[in-house]
Amino acid sequence: KNKMGRFSYVSHILIKSGVPFAKTVNLASKILDNIYLKDMFEEASQKVVEGDKLSQALYKVDKNIDKTFIQAISLGEETSQTSEILDNLSKLYFE
């Protein structure tokens, strides 16, 4: 869970700094030391470049990923509040 929190926190900071979303996902994946999660997010970032939403891309890449995480990301995408949702997820995962 800590790793998902770390990914969420870094993504939130990058988005707030003006980094494009697809690049954010790719850069944030690089900080992960879990090779499985790193590969999953890198593959998902490629799908985002191809036009998928991150929530859809993550589900396509790994159907076993935490559904709450995907639902939260999806909510952020639908409401244009992805950065805020990622910030909330990071706080949740670090509790």
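Note that this is a predicted model, so its numbers are computed, not measured.

(A) Spatial organisation of the pattern of salt bridges. Counting across every chain of the model gives six salt bridges. Between Lys3 and Asp33 there is a salt bridge, and its shortest N-O distance comes to 3.3 Å. Placement of Lys3 in helix α1 (residues 2-16) and of Asp33 in the loop between α2 (21-29) and α3 (35-49) is noted, with a sequence separation of 30 residues between them. A relative accessible area of 30% means that Lys3 is categorised as partly exposed. Close ionic contact of Asp87 with Lys91 constitutes a salt bridge, the shortest N to O distance being 3.3 Å. Of the two residues, Asp87 and Lys91 are both situated in helix α6 (residues 82-94); the distance of four residues between them amounts to about one turn of the helix. For Asp87, a relative accessible area of 17% corresponds to the buried category. Exposure remark for Lys91: the relative accessible area of 48% places this residue in the partly exposed category.

(B) Structural view of the environment of Ser83. Relative to the assigned elements, Ser83 resides in helix α6. Sequence-wise, Ser83 and Ile73 are 10 residues apart; in three dimensions their C-alpha atoms are separated by 9.3 Å. Not counting residues within four places of it along the chain, the set of residues in contact with Ser83 comprises His12, Ile15 and Lys16. One polar contact links Ser83 to His12, side chain to side chain, over a distance of 2.8 Å.

(C) Layout of a nonpolar patch on the surface. Together, Tyr9, Ile13 and Phe94 make up an exposed nonpolar region whose accessible area comes to about 290 Å². With respect to the helices and strands, Ile13 occurs in helix α1.

Scoring rules and cut-offs
- Residues numbered from 1 in each chain as written.
- Predicted model: local features only at pLDDT ≥ 70, side-chain atom pairs only at ≥ 80, totals over all residues.
- Heavy atoms only, no water.
- Salt bridge = Lys/Arg side-chain N within 4 Å of Asp/Glu carboxyl O.
- Helix = DSSP H or I, 4+ residues; strand = E, 2+ residues; numbered from the N terminus.
- Buried < 20%, exposed > 50% of the residue type's maximum accessible area, 1.4 Å probe, protein only.
- Contact = heavy atoms within 4.5 Å.
- Polar contact = N/O pair within 3.5 Å; in protein donor to acceptor, adjacent residues only side chain to side chain.
- Patch = residues over 30% accessible without salt bridge, like charges linked within 9 Å, V, L, I, M, F, W, Y side chains within 5 Å.
- Areas by Shrake-Rupley, 256 points an atom, 1.4 Å probe, with all protein chains shown as cover.

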